[in-house]
Amino acid sequence: MPLHDEEEHHQLLADRLLDSNEEESAYDYSDKVHIIGVDEEHDDDDFTKTPPFSWKKLWAFTGPGFLMSIAFLDPGNLEGDLQAGAIAGYSLLWLLFWATAMGLLVQLLAARLGVATSRHLAELCRDEYPKWARLLLWVMTELALIGADIQEVIGSAIAIKILSRGFLPLWSGVVITALDCFVFLFLENYGVRKLEALFAILIAVMAVSFAWMFGETKPNGVELLVGVVVPKLSSKTIKQAVGIVGCVIMPHNVFLHSALVQSRDVDNRKIGRVREALKYYSIESTIALAISFMINLFVTTVFAKSFYGSEIANSIGLENAGQYLQDKYGGGSFPILYIWAIGLLAAGQSSTITGTYAGQFIMGGFLHMRLKKWQRALITRSCAIVPTLIVALAFDTSEKSLDVLNEWLNVLQCVQIPFALIPLLCLVSREEIMGVFKIGSSMKVISWLVAVLVMLINGYLLMDSLSSAVSGMLFTSVVVAFTGAYIAFIVYLISRGVTFPNWFVKNRSSSSIDN
């Protein structure tokens, strides 16, 4: 890297840091985790030097990746896992692996954006796009967040209903889950590490619960290995395959991770310190998603072993899954029904808290709202809890209706994915924003291929769902009009991020002068 480029980047980061002091940041300085050695003075003159690897520093950086990984373990993902296992057996485990790998790539780009710029994705979108576009992006992101939160809260409420043996109806479980924002606010006051410790415990509960189920049901090891290594796909399992990919990349999680990485006090004026942070975040995010992959694999293989090829495979959902397992395997030392419910409760509670967390960053970033944390948390929580209560009251008596609702909420997530991926990829590719940390040509090609693949897969799910639901000339016309506007907005977002080669720009300028 040429020295003058590094010096220019050093000045860019310094100027940006001074500008950011005038705005609300993701974390106050007093709330940040201060990394050991970050204040060392002996390398001040060499701002490009990357400190040597340290296990102690890796531990200090560990946390944001595990909070991010919760979105890979929410009740919507668990339902996708169990349905994939029951209907497709072990055949889609390879897709689960590669979908997790694609999710890791996207999340590492979000972390890169947050560390290199000291700002998160919502804040950068506010500056990058005109008012109408950023407000539309905000609405789309909020809709995605509300849809995800409904799934997560309903998942928690189902677990509470099971654990209370039906004494607490679905709506009361929603109210209980809504109170978790107060737990979140309480822990946040004691520091971000306390909050991260809570999520570590919840992930551990999920891992133990679903590993216990794995041990109780004893899935076939050879078929499991073949399923992970050998790609298989049939016309009967297309819907489950699309569901696996669609559940992995959550729009609000991309915004969340770009903010979470700013919880560490990194001196962004030093290129070496930024490189160091990116290295540690890459390691901890990879470990976190490896654990989430194993948990998802446990769930998929348990239901593959138990119900693949059975008459009830197509009717299994979150609410009846535990009872079906109980009927098949009995009580044992501890009823498998309650093991399932405990794991589901941990997944629902952890994902609803991260949803509240993401909502604060999204609202504060897009709207530049200077509200206290508890005010933003309550506003964000209310936006999700009110529709969730309505859903709980309307669908409490019908398991099938809940499953249909969940499918439509997955479609809602699919619709919103481009509005997180496209701004992210456009921003991390721009030198004036990222400096020397912009992604290179190879990474840009890979990232856009992954983004296009994910959007095409989710587009298939959207069209498949709409084709079975749309009827009547008026409704069809409305859907066609919205689809046209949707595609036009995506094209607009992409066009703003397109950078032309220097020779093209020079030729266009010469032509203009000649004319």
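Below: a short report on this structure. (Residues numbered from 1 in each chain as written. Predicted model: local features only at pLDDT ≥ 70, side-chain atom pairs only at ≥ 80, totals over all residues. Heavy atoms only, no water.)

What follows covers the packing of helix H5 (residues 93–117) against helix H19 (residues 418–428). It is at 10 Å that the axes of H5 and H19 come closest, and there the two elements cross at 55 degrees. Comparing the axis directions of H5 and H19 gives the class oblique. Both H5 and H19 take part in a crossing whose hand is left-handed. Taken together, the residues of H19 that come into contact with H5 (itself represented by Val 106, Leu 109, Ala 110 and Leu 113) are Leu 421, Leu 424, Leu 425, Leu 427 and Val 428. A per-class count over the contact of H5 with H19 returns nine nonpolar, no polar and no charged. (Axes fitted to C-alpha atoms, helices over the stretch in contact; angles between N-to-C directions. Helix = DSSP H or I, 4+ residues; strand = E, 2+ residues; numbered from the N terminus. Parallel < 35°, antiparallel > 145°, perpendicular 65-115°, else oblique. Left-handed = near helix turned anticlockwise from the far one by under 90°. Contact = heavy atoms within 4.5 Å. Nonpolar A, V, L, I, M, F, W, Y, C, P; charged D, E, K, R; others polar.)

Turning our eyes to something else, we now look at the environment of Leu 104. Relative to the assigned elements, Leu 104 resides in helix H5. Here Leu 104 falls in the buried class, since its relative accessible area comes to 17%. Through-space distance from the C-alpha of Leu 104 to that of Val 248 is 9.5 Å; in sequence the pair is 144 residues apart. Among residues more than four places away in sequence, those in contact with Leu 104 are Ser 285, Thr 286 and Leu 289. (Buried < 20%, exposed > 50% of the residue type's maximum accessible area, 1.4 Å probe, protein only.)

The end-to-end C-alpha distance of helix H10 (residues 192–217) is 38 Å, a good match for the 38 Å that 26 residues give at a rise of 1.5 Å each. Listed as buried for H10 are Val 192, Leu 195, Glu 196, Phe 199, Leu 202, Ile 203, Met 206, Ser 209, Phe 210, Met 213 and Thr 217. Lys 218, located one to two residues past H10, shows a positive phi value of around 55 degrees. (Expected span 1.5 Å × (residues − 1).)

With that settled, consider a nonpolar patch on the surface. The grouping of Leu 163, Val 208, Trp 212, Phe 334 and Ile 342 at the surface amounts to a nonpolar patch, some 410 Å² of accessible area in total. As for its placement among the helices and strands, Ile 342 is situated in helix H16 (residues 336–367). (Patch = residues over 30% accessible without salt bridge, like charges linked within 9 Å, V, L, I, M, F, W, Y side chains within 5 Å. Areas by Shrake-Rupley, 256 points an atom, 1.4 Å probe, with all protein chains shown as cover. Salt bridge = Lys/Arg side-chain N within 4 Å of Asp/Glu carboxyl O.)

Quick look at the pattern of salt bridges now. One pass over the structure, following the stated rule, counts 11 salt bridges. A salt bridge links Lys 57 to Glu 276; the nearest nitrogen and oxygen atoms lie 2.7 Å apart. Note that Lys 57 is positioned in helix H2 (residues 55–61) and Glu 276 in helix H14 (residues 271–307), a separation of 219 residues in sequence. The buried category is assigned to Lys 57, whose relative accessible area is 8%. Judged by its relative accessible area of 3%, Glu 276 is buried. The closest approach of N and O atoms between Asp 127 and Arg 119, which form a salt bridge, is 2.5 Å. A relative accessible area of 46% places Asp 127 in the partly exposed class. Given the relative accessible area of 11%, Arg 119 is considered buried.

Read these as geometric descriptors, not functional statements.
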